[in-house]
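# Observations on chain architecture
The lines below spell out each chain.
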Amino acid sequence: MQPRLPAPDTLSDIILTLIALSGEFPSAQIMRLSGGDAYKESVVKQLKREKLVRTFYRDGLRGLRLTAAAKKLLLKRQPEQFQPYLTGCSDTNRLKSEAPRRRRLHRMAEVLVTMYNAEIGVFHEEKSPVFSPEPPCSGFRLEWPAYYSARELKDMGQTAVKVRNSRATGVLLTPAGVYAVYNVGPFFQIKWEYRAEMRLKALLQTELCRRRIPQYQDAVPLALVFGDSMAQLPAFMAEGISSPQNHFLVDGSYDHFYFLPNDRHGELLLRLLFDPTAQKSLDAILLENLLPGAPRWNIEHDAIDENGDPVLFAYLCDMPRIRRFDTALNLQDRNGVVICFDFQEESLRQVCGAQAIFQTIDFEKVASLLMPQT
């Protein structure tokens, strides 16, 4: 019996699409999709029985790949969605067995799942082709966040060659800003290609902010990096010669560089990042027992407590901003309050000095109030 594709918009169809966009999809990431674990396992088993998906295991990496039959059927049903991924010499079509190449595919897939779970557009029909060779029509405006993988940047042609050595997995576009996106996976030390990352930032500034999308004409590109857990944060923010490779994250290359774990914590942080209304609601709750900030104070802060000490809202885990705040506390020999989520506290305590006093926000309570669906 010939294999048949599942109905559109079912979990089976979503899994096939995510595998196609990833090339090789890490098996463990299936559990992050919505639905019961037993149901998700049964869906994957059914896709294997239908000979649409197979498991590839080597070097400790277990991933799901499409069969030749699945590629053919997907290309026939949605050629505009899948041709860039399932034809030619792309990494997602001509799959390799080398561990470094496969890790790269897995890291990109992890970000894809986080974006999808945060309800950011990741599929072809959800996004405008802003990286096509020709800029969008005049008057184009982005109304909802969309994530474009590093492969989609290549649609610009020769312009994209300048950033081929960048470690970025893609670019997140929101109505308010542009973000270069990275994923370090489980690693605590990363060797950054500094010049390539600066070329990426320059490309985003010139192509998106000045040429392609008018709403970004006054915007400055920002960045975010995903990791497996908050335990990686202290290594990324460590100062001095012990961590020269990670200096790119906090040296001011990006004024704002956010660290988010690749899990449901990161998904909520991502939603707060692109949803000004939700962020303002949370800030309003935090400000209830605080005084307004002093605009001319020579320390970065969001409010002042009853003792006259500066208060920083650090729940978005903006690494350079946290570093600037902590450095100012040390230089001025004064106390300051850091407000973060409970799951961030342990790591941030290792980052900040003794002058930082911590107050935590109940993550589950915020998730239920602001994003009930999480």
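Residues numbered from 1 in each chain as written. Predicted model: local features only at pLDDT ≥ 70, side-chain atom pairs only at ≥ 80, totals over all residues. Heavy atoms only, no water.

## Quick look at the overall build of the chain
Put simply, the rule reads: Strands are runs of DSSP state E lasting at least 2 residues, helices are runs of H or I lasting at least 4, and numbering of each runs from the N terminus. In this analysis, two residues are considered to be in contact whenever any of their non-hydrogen atoms come within 4.5 Å of each other. The Shrake-Rupley method, run with a 1.4 Å probe sphere, supplies the accessible areas, and residue values consider only the shown protein chains as cover. Positive charge is attributed to Lys and Arg, negative charge to Asp and Glu, and no charge count is given to His or to the chain ends. Throughout, a charge is located at the NZ atom of Lys, the CZ atom of Arg, the CG atom of Asp or the CD atom of Glu.
Helix and strand counts for the chain stand at 13 helices and 13 strands. Long-range pairs, those at least 24 residues apart, make up 67% of the contacts in the chain between residues at least 6 apart in sequence. By element, 51% of the accessible surface of the chain is carried by carbon and sulfur atoms, the whole surface being about 17700 Å². Of note, the chain has its 46 positive side-chain charges centred 11 Å away from the centre of its 44 negative side-chain charges.

## Quick notes on unusual backbone geometry
Phi at Asp9 takes a positive value of approximately 70°, unusual for a residue other than glycine. Of note, Asp9 is situated in the segment before α1 (11–22). Its identity is not glycine, yet Asp59 carries a phi of approximately 55°, on the positive side. Mapped onto the secondary structure, Asp59 falls in the loop between β2 (53–58) and β3 (61–66).

## Section: the packing of aromatic side chains
Quick note on the threshold: Classification of ring pairs rests on two measures: the distance between centres of Phe, Tyr or Trp rings, Trp counted by its six-membered ring, which must be within 6.5 Å, and the angle between planes, read as stacked under 30 degrees, edge-to-face over 60 and tilted in between. Remark: exposure states derive from per-residue accessible area (1.4 Å probe, protein chains only) relative to the maximum for the residue type, with buried under 20%, exposed over 50%, and partly exposed in between. Criterion for a charge above a ring: Lys NZ or Arg CZ within 6 Å of the ring centre, and within 35 degrees of the ring normal.
On inspection of all chains with the given rule, the structure shows twelve aromatic pairs. With 5.2 Å between their ring centres and 85° between their planes, Tyr182 and Trp192 make a pair best called edge-to-face. Highlighted residues: Tyr182 in strand β6 (residues 178–183) and Trp192 in the loop between β6 and α7 (194–212), separated in sequence by ten residues. Like Trp192, Tyr182 is buried. Here the guanidinium or amino end of Arg65 rests over the ring plane of Phe56, the centre of that ring lying 3.9 Å away. The aromatic ring of Tyr148 is capped on one face by Lys127, whose charged end is 4.8 Å from the ring centroid.

All quantities given are derived from atomic positions and should not be read as evidence of function.
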